[in-house]
Amino acid sequence: MSDGAAPGGGSANAAPLDLPGPVRAGEDLALAALARWLEEQLPELAGPLAVEQFPGGHSNLTYLLRAAGRELVLRRPPFGSSVKTAHDMGREFRVLSRLADHYPKAPRALAWCDDPAVLGAPFYLMERVRGIILRSPRPPAGIELPPARMRALSEAAIDGLAELHGVDFAAAGLAELGRPEGYVERQVGGWTGRWQRARTDPVPEIDDAAAWLAAHLPRAAAQGGGGGPAILHNDYKYDNLVFAPDLSRIVAVLDWEMATVGDPLMDLGTTLAYWLDREEVESCGLPAGPTALPGNLSRTEVVEHYARRSGREVGEVLFYFVFGLLKIAVIAQQIYFRYRQGLTHDERFARLLEPVRALGRTACQAIALRRIDLAS
């Protein structure tokens, strides 16, 4: 399992299967308290408890628990975070609890704890799904991704997004998850406000992109591509997708902390913003997964494939793309702000300002060129 809620690193030679390792310094869990709670909630797991940590991600922390011959995944907020709405474990647990029966790619949630006396923060447990996560711009060691296979993988990724947007959120018991009316305007205003509160250095391109979005809101009739609101994952990208070990299909979509109900084209825009081409991968250092490999769909092809699979029209895609760039930049900036404030000491975060600037440059370039594929 992986946490990938913000831009982050990743080794070009990562192991093919997503494997945990030692718990990072300062992110240890209180094992005795956790074992007592686990015995109360899931008595069949009583006994010795072993914990490791998954290495990816910059947002919520993800651990592997081994007990009584079973493997579970524990998710909790990062240490030192005060942005409660960005790390709502109860919301994520509720989404997974209701969604798994309607969207098989959602891992099944198992137990939830809101007692801070256990681990100092809310957390939940879910099933472990084994598979391959394509975090790096290059294939993992032992994995070959020729153009034909890469195209199939990229199409499968977009199929998974279209499938999610086709789920009946009312039937899944998730109608109260969001407020679709006015969603786009609230999102633009909300992320702009978060940027202003987390800003540490001048990045005029981000300010310009936010102003452009506010002045170019899509008409209400065009929002949702004519298909109405949908469940949004809100962080749908390669390093949140678990592929089967033979790469034949997606077996799980991870990291549902920002899921809501709203305009699905906002979800598509975030995916497009993470869908970097070769020049962007080389210039800004953002983790894109294999989006620049030969055979991977271009951004324009992503939109065309999504439109075919979802049945939705994607007429104002530039707006949604620029919004995705703004949102990712703000997420990275919020993490960088925590680092600058001394609330986290993870040295990966010290380098996040340059990706923020790169995202701002990309947004302004897209606006100037009026297109989403920017490679020269």
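Above this text is the structure in question.
Residues numbered from 1 in each chain as written. Predicted model: local features only at pLDDT ≥ 70, side-chain atom pairs only at ≥ 80, totals over all residues. Heavy atoms only, no water.

(A) Focus on the sheet that holds strand β3 (residues 70-76). Sheet architecture is open: five strands sit in the order β1-β2-β3-β5-β4, paired in antiparallel fashion. Strand pairing shows two members of the sheet lacking a second neighbour, β1 (49-53) and β4 (109-113), which therefore form its edges. Between one strand axis and the next, the sheet turns by 25° as a mean value, whatever way the strands run. The sheet strands contacting helix α1 (residues 31-41) are β1, β2 (61-67), β3, β4 and β5 (123-127), and the helix crosses β1 at an angle near 115°. This element, helix α2 (residues 89-99), spans β3, β4 and β5 of the sheet and lies at about 155° to β4. (Pairing = 2+ DSSP bridges. Helix = DSSP H or I, 4+ residues; strand = E, 2+ residues; numbered from the N terminus. Axes fitted to C-alpha atoms, helices over the stretch in contact; angles between N-to-C directions. Contact = heavy atoms within 4.5 Å.)

(B) The pairing of β3, seen in detail. The element β3 is largely enclosed, with a buried count of five among its seven residues. Relative to β3, β2 is paired through seven bridges, and the arrangement is antiparallel. Residue pairing in the sheet places Y63 in a bridge with L74 of β3. Where β3 lies against β5, four bridges are found, and the strand directions are antiparallel. (Buried < 20%, exposed > 50% of the residue type's maximum accessible area, 1.4 Å probe, protein only.)

(C) Molecular detail of the packing of aromatic side chains. Taken as a whole, this structure holds six aromatic pairs when the rule is applied. Relative to W256, the ring of Y103 lies with its centre 6.0 Å away and its plane at 75°, an arrangement referred to as edge-to-face. Taken together, the residues Y103 in the loop between α2 and β4 and W256 in the loop between β8 (250-253) and β9 (260-262) connect sequence positions 153 residues apart. Overall, the relative accessible area of 0% leaves Y103 in the buried class. On the basis of relative accessible area, W256 is assigned to the buried category, the value being 1%. Counting every residue linked through ring pairs, the aromatic cluster contains F93, W112 and Y124. Across the ring face of W191, the terminal group of R194 is positioned such that the distance to the ring centre comes to 4.4 Å. Taking the ring centre of Y274 as reference, the NZ or CZ of K237 above it sits at 4.7 Å. (Phe/Tyr/Trp six-rings, centres within 6.5 Å; stacked < 30°, edge-to-face > 60°. Lys NZ or Arg CZ within 6 Å of the ring centre and 35° of its normal.)

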